[in-house]
Amino acid sequence: MGGKIRAAALGAVPALVLVLSAVLAPVAPASAAGKPGVTLSRSEAGSGGSVTVTGSGWRPGTLLMMLICGRSVPSRGVIGGTNSCANADGRAVTTDAKGGFSKKLPVTEPPEPCPCVVHVATVTGEKAEADAVFMVAGHPVEPLPKEEGGGRISVLTDTRLDGSSGLLTWFGSPPSRTLVLTVGNVGTAPVRNPVFQVGTAHGVFAPQWEEQQWRGTIEPGRKARIRIPVELSAGAHGDYTVSLKYGGKVLAEQPWGVGRPWGVTVFWVLLCVVVPAAVFRIGMAVVDRVRPRRSTGRAGHRGRPAPAGLTLRLPWSDPAPRTPADASASPALPWFTPDDDPGTGTNGQLSAPHENGPTTQTRKGHA
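Here, residues in each chain are numbered from 1, in the same order as that chain's written sequence. Local features in this predicted model are restricted to residues of pLDDT 70 or higher, and side-chain atom pairs are both shown and tallied only at a pLDDT of 80 or more, whereas totals for entire chains, interfaces and linings draw on every residue. To get the side-chain values, all heavy atoms of the structure are used, and hydrogens and water are removed first.

### Comments concerning the pattern of salt bridges
Phase 1 of the analysis: Note on definitions: salt bridges are taken to be side-chain nitrogens of Lys or Arg within 4 Å of carboxyl oxygens of Asp or Glu. For the structure shown, the criterion picks out three salt bridges.
Phase 2 of the analysis: Across the pair Asp162 and Arg227 runs a salt bridge, and its minimum N-O distance is 3.9 Å. In this pair, Asp162 is assigned in strand 12 (residues 160–162) and Arg227 in strand 18 (residues 223–231), connecting sequence segments 65 residues apart.
Phase 3 of the analysis: Residue classification places Asp162 among the partly exposed residues on the basis of a relative accessible area of 22%. By the criteria applied, helices consist of DSSP H or I runs no shorter than four residues and strands consist of E runs no shorter than two, each listed in order from the N terminus. Note on exposure labels: buried denotes an accessible area under 20% of the residue type's maximum, exposed denotes more than 50%, and partly exposed covers the range between, all computed with a 1.4 Å probe on protein chains only.

### A closer look at the state of the cysteines
Phase 1 of the analysis: Our working definition of a disulfide is a cysteine sulfur pair at a distance within 2.5 Å. All told, the structure shown has two disulfides when counted by the stated rule.
Phase 2 of the analysis: Cysteine pairing for the chain, with bonded cysteines counted in sequence order: 1-2, 3-4.

### Section: the sheet that holds strand 3 (residues 50–56)
Phase 1 of the analysis: The three strands are arranged 1-3-8 in an open sheet whose pairing can be described as antiparallel. Each edge of the open sheet is held by one strand with a lone partner, namely strand 1 (37–40) and strand 8 (101–106). In this sheet, neighbouring strand axes are inclined to one another by 30 degrees on average, regardless of whether the strands run parallel or antiparallel.
Phase 2 of the analysis: Between any two strands, at least two bridges found by DSSP are needed for them to pair. Of the pairings in the sheet, the one linking strand 1 to strand 3 comprises four bridges and is antiparallel in character. Looking across to strand 3, one finds that Val38 is bridged to Gly55. Axes here mean lines fitted to C-alpha atoms, for a helix over just the part in contact, with angles spanning 0 to 180 degrees between N-to-C directions.

### Things to note about the pairing of strand 19 (residues 238–246)
Phase 1 of the analysis: Here six bridges tie strand 15 (residues 195–202) to strand 19, and the two strands are oriented antiparallel to one another. Bridge assignment links Ala201 to a residue of strand 19, and that residue is Thr241.
Phase 2 of the analysis: As consecutive antiparallel partners, strand 19 and strand 20 (residues 249–258) are separated by two residues, and within that stretch Gly247 has a phi angle of approximately 65 degrees, a positive value.

### Here we look at the environment of Ala88
Phase 1 of the analysis: Tracing the backbone shows Ala88 in the loop between strand 6 (77–78) and strand 7 (91–94).
Phase 2 of the analysis: The class for Ala88 is exposed, based on a relative accessible area of 76%.
Phase 3 of the analysis: Ala88 sits 20 residues away from Thr108 along the chain, and the two C-alpha atoms are 9.3 Å apart.

### Comments concerning the layout of surface pockets
Phase 1 of the analysis: Estimates place the volume of the second largest pocket at around 260 Å³.
Phase 2 of the analysis: Taken together, 14 residues make up the lining of the second largest pocket; nearest its centre are Gly199, Thr200, Gln208, Glu210 and Glu231.
Phase 3 of the analysis: Residue assignment for the lining of the second largest pocket shows that the elements contributing at least two residues are strand 15, strand 16 (208–213) and strand 18.
Phase 4 of the analysis: Per-element tally for the lining of the second largest pocket: the top contributor is strand 15, with five residues. Buried and open spaces are told apart on a 1 Å grid over the protein atoms alone, a cavity being a set of points where a 1.4 Å probe fits but cannot get out and a pocket being an open set with protein on both sides within 12 Å along at least five of seven lines. Residues with an atom within 4 Å of a point are the lining residues. Grid points are joined across faces, edges and corners, and a volume is the space filled by probe spheres set on the points.

### Quick look at the nonpolar core
Phase 1 of the analysis: Residue types Ala, Val, Leu, Ile, Met, Phe, Trp, Tyr and Cys, when buried and joined through side-chain atoms within 4.5 Å, form a set referred to as a nonpolar core. Of all hydrophobic cores here, the largest spans 22 residues; its most connected members are Ile153, Leu179, Phe196, Ile226, Val242, Leu244 and Trp256.
Phase 2 of the analysis: Looking at this core, the elements with two or more residues in it are strand 13 (176–185), strand 15, strand 18, strand 19 and strand 20.
Phase 3 of the analysis: At four residues, the largest contribution of residues to this core is made by strand 18.
Phase 4 of the analysis: Ranked by size, the runner-up nonpolar core spans 21 residues in total, among them Met66, Val107, Ala132 and Val136.

### Considerations on the confidence of the model for the chain
Phase 1 of the analysis: Looking at the chain, the pLDDT average stands at 76 and 69% of residues meet or exceed 70.
Phase 2 of the analysis: The pLDDT value expresses, per residue, how confident the predictor is, ranging between 0 and 100. Residue contacts are defined here by distance: any two heavy atoms, one from each residue, within 4.5 Å place the two residues in contact. Low confidence marks residues 359–367, where pLDDT is under 50. Its contacts with residues over four positions away, or in another chain, come to three contacts.

Laid out in structure tokens, this is it:
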């Protein structure tokens, strides 16, 4: 009898282990796979105070931004985007290895009236955000604007900017891209030809909004691919942020780094070098034409013309070689006559003495 009881007890142990594992197993994954959330140490505080924000369920090692935003509730998000938040007094925090964080946030009145929230959103990587209700003591309170229609658009995928810069952009042409994202209708009525607002912000400046209408209809529970062109001003460069807003709510934000148009810089450098060189050459040509000419003759002195009978000959100026006939025809020098020319003898002989000459006979007679 005791052996049967012992065997039954041993057989019940595995069954108990299986039951406990089945009960506890859903609990752990639920906490690990839960959505990002935030809790506050207090629900109300005045300007100048602080509130401790604690988060959990975020990706490990993620950079987050904490802001106090007005005209917002967790069910509708931050209406008007970060323009409704106290951006100057926000705080950044990085999640730990378990995806949690805890940090104090100074309380500052937002630019929009309450209801207010503490808005926490990712700065880099996959987009995620969470809101917690918060009341700023002494700040005005106004009702939220009514929702338009029964259709509501929500972003389903991360946004991206398609396109690239060409040669004209390198020389200052306006940079252009296409904002691409997938949205879904989470409302109860269809959305026809929605009008989006596209904003471009340079650095820390507020975005400049421009309306862009998308042609099409999004039925309830359906999704659609949205492509909206975005263009900056000519010569734009630096860090920009492209935002998409619909129904007063910012749906997506996408950073855009625009390179400097170096072609314009090269053009101005070449212009600063070429124009002075061209002006210098033109000036030298004008001076060369205006200044007085000087005579090149040797006999001339200080610009006076040379005598008419004197001609200057250079060794290379006579292209034809001189011949013996030309030499005999050349005029004699003034102190020589043809008969007295030492190079010409009597009867075609040289002037040196010889045996038939008178000098030889005179020598014989004397001997």
